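Coordinate analysis (summary)
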Amino acid sequence: MTELPGIVITGASGRMGQMLIRLVSASGKARLVGCVVREGHPWVGRDVGAAMGGAPLGVAVTDDPLQAFARAQAVIDFSSPSATVEFAGLAAQARAVHVIGTTGLESDHLHKISWAAHHAVIIRAGNMSLGVNLLVRLTRKVAQALDADWDVEIVEAHHRMKVDAPSGTALMLGQAAADGRGIDLDSARVSGRDGITGARDRGSIGFAAIRGGDVVGEHDVIFAADGERIVLRHIATDRAIFARGALRAALWGQSAKPGQYDMMDVLGL
Ligand code: NAD
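Bear in mind that the values here come from a model prediction, so they are computed numbers and not experimental data. (Residues numbered from 1 in each chain as written. Predicted model: local features only at pLDDT ≥ 70, side-chain atom pairs only at ≥ 80, totals over all residues. Heavy atoms only, no water.)

1. Quick look at a nonpolar patch on the surface
Applicable threshold: For patch building, the residue pool is restricted to those with more than 30% relative accessible area and no salt bridge; the joining distance is 9 Å between like charges and 5 Å between nonpolar side chains (Val, Leu, Ile, Met, Phe, Trp, Tyr). In these tables, accessible area is a Shrake-Rupley quantity obtained with a 1.4 Å probe, and a residue counts as shielded only by the protein chains included in the view. Salt bridges, as used here, are contacts in which a Lys or Arg side-chain nitrogen is within 4 Å of a carboxyl oxygen on Asp or Glu. Only runs of H or I of at least four residues qualify as helices and only runs of E of at least two qualify as strands under DSSP, and these elements are numbered from the N terminus. Exposure classes here rest on a 1.4 Å probe applied to the protein chains alone. A residue is buried below 20% of its type maximum, exposed above 50%, and partly exposed in between.
A cluster of nonpolar side chains, contributed by Leu130, Leu134 and Leu269, occupies part of the molecular surface with about 240 Å² of accessible area. Within the secondary structure, Leu134 is located in helix α6 (residues 130-145). Exposure remark for Leu134: the relative accessible area of 40% places this residue in the partly exposed category.

2. What about the environment of Val266?
Note that Val266 resides in helix α10 (residues 263-267). On the basis of relative accessibility, which here comes to 8%, the residue Val266 falls in the buried class. A sequence separation of 14 residues divides Val266 from Trp252, and the C-alpha atoms of the two residues are 6.3 Å apart.

3. Some details on the sheet that holds strand β4 (residues 74-77)
Stated precisely, the cut-off is as follows: Here, strands pair whenever DSSP counts at least two bridges between them. What makes two residues a contact is simply this: any of their non-hydrogen atoms within 4.5 Å. Axes here refer to lines fitted to C-alpha atoms; in helices the fit is confined to the stretch in contact. Angles between the N-to-C directions go from 0 to 180 degrees.
The strand order across the open sheet formed by seven strands is β3-β2-β1-β4-β5-β6-β12, and the pairing between neighbours is parallel. Strands at the two margins of the open sheet, each flanked by one partner only, are β3 (61-62) and β12 (259-261). With five bridges joining them, strand β1 (residues 6-10) and strand β2 (residues 31-36) adopt parallel strand pairing. For Ile9, the partnering residue across the bridge sits in β2 and is Cys35. Where helix α1 (residues 15-27) meets the sheet, its contacts fall on β1, β2 and β4, and the angle it forms with β1 comes to roughly 165 degrees. The strands touched by helix α5 (residues 107-116) are β5 (97-100), β6 (121-124) and β12; relative to β6, the strand with the most contacts, the crossing angle is about 145 degrees.

4. A word on the packing of α6 against helix α7 (residues 168-181)
For clarity, the cut-off: With respect to orientation, any angle under 35 degrees is reported as roughly parallel, any angle over 145 as roughly antiparallel, any angle of 65 to 115 as roughly perpendicular, and every other angle as oblique. What makes a crossing left-handed is the near helix being turned counterclockwise from the far one by less than a right angle; a clockwise turn instead makes it right-handed. Each residue is assigned to one of three groups, with Ala, Val, Leu, Ile, Met, Phe, Trp, Tyr, Cys and Pro labelled nonpolar, Asp, Glu, Lys and Arg labelled charged, and all others, Gly among them, labelled polar.
One way to put it is that α6 packs onto α7 with a least axis distance of 7 Å and a crossing angle of 30 degrees. Relative to α7, the element α6 lies roughly parallel. Where α6 crosses over α7, the two elements pack in a sense that is right-handed. Here α6 contributes Val132, Asn133, Leu135, Val136, Thr139, Arg140, Ala143 and Gln144 to the contact with α7, which in turn contributes Thr169, Met172, Leu173, Ala176, Ala177, Asp179, Gly180 and Arg181. Taken together, the residues of the contact of α6 with α7 break down into eight nonpolar, five polar and three charged.

5. Observations regarding the pairing of β1
Here is the rule: The handedness of a crossover follows from its direction of travel: if, with the strands pointing away from the viewer, the path from the first strand over the helix to the second runs clockwise, the crossover is right-handed.
Of all five residues in β1, five are buried, a share of seventy percent or more. Handedness of the crossover is the feature at issue here: the chain leaves β1, passes through α1, returns alongside β2, and the resulting connection is right-handed. Bridge analysis of β1 against β4 gives four bridges, and the strand direction is parallel. The partner of Val8 across the bridge, within β4, is Val75.

6. A short note on the domain arrangement of the protein
The following threshold applies: Marked domain ranges trace back to an automatic or database domain assignment.
Split by domain assignment, the protein resolves into domain 1 (6-124 + 239-267) and domain 2 (130-236). A C-alpha centroid distance of 29 Å is found between domain 1 and domain 2. The interface is formed by nine residues belonging to domain 1 together with twelve residues belonging to domain 2. Broken down by secondary-structure element, the contributors of at least two residues to the side of domain 1 that touches domain 2 are α9 (240-252) and α10. For the side of domain 1 that touches domain 2, the class distribution of residues is five nonpolar, two polar and two charged.

7. Observations regarding unusual backbone geometry
Leave glycine aside and you will find that most residues have negative phi; peptide bonds, for their part, are mostly trans. Of the consecutive residues Ala165 and Pro166, the connecting peptide bond is found in the cis state with omega at -5 degrees. Of note, Pro166 is situated in the loop between β7 (151-158) and α7. A positive phi angle is found at Arg95, which is not glycine, with a value near 55 degrees.

Here's what the structure looks like:
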């Protein structure tokens with residue numbers, strides 16, 4: 001019998017990290033072979049199950065990513081942009097599939113990640129859920145069907161701890177609307193209006209972010225015209241949807257050639 005793919009979780013003490021540790025160890029589709037935290041984190045050296053306050057899982061937490069990645073067929077990474085860039089290089093060295101859920105990546109980070117993709121499979125998505133990836137497709141189709149008489153606004157809500165805005169998902173949706181319209185998102189994008197902004201520019205794509213409480217993630221794509229409005233909405237109520245998508249990506253990546261992919265490839269959308 002072939003062995004199940006070994007998976008390392010980075011950002012292991014984080015919200016998504018802990019969700020992934022539980023999912024991978026209970027999945028029966030993969031083996032949890034490593035958990036990586038920041039250097040000097042109090043969990044280093046402890047069994048990860050016990051560190052999370054549950055039963056031992058037989059995997060010790062480490063702050064040495066290279067040593068952990070050497071045992072992995074895939075690395076699932078929901079951490080921070082600078083850490084993700086470092087992990088991309090190390091995962092490529094270890095020839096492990098790198099699944100990147102981290103958001104807030106700037107063009108410099110993306111450039112460095114694209115270098116790593118010459119040698120390894122990298123699957124990156126600002127949102128790993130099936131529902132949101134379908135919403136991205138729908139947004140593109142609706143934007144394609146409507147002209148610039150329909151103003152596009154994207155409103156998102158997240159928990160109070162989220163550090164980047166607009167969310168990675170909001171940007172995916174904005175990109176889909178821009179692609180549908182055949183325009184460049186960077187030149188159409190208007191974020192966070194405040195003060196005397198003047199009237200709305202025709203054809204612009206607006207972003208607004210709400211932060212508060214424990215909201216997992218809510219996204220509205222609004223197409224507003226004179227006399228009518230279309231609202232496409234996704235509401236996430238459980239982080240498990242992102243973790244399930246990430247595990248599915250890690251398994252899908254085992255048979256892919258080196259290069260960069262997203263959840264559309266994984267889901268075959
Ligand atoms: P979090 O703050 O709870 O967890 C992030 C973890 O990464 C923390 O434990 C932090 O210590 C760790 N980390 C940072 N730098 C590190 C390093 N150098 N080495 C090891 N660990 C390091 O945040 P979260 O809610 O779990 O989200 C993490 C990221 O995933 C964010 O960018 C978030 O926007 C994104 N996210 C993406 C999706 C998706 O579907 N793509 C879904 C949810 C969250």
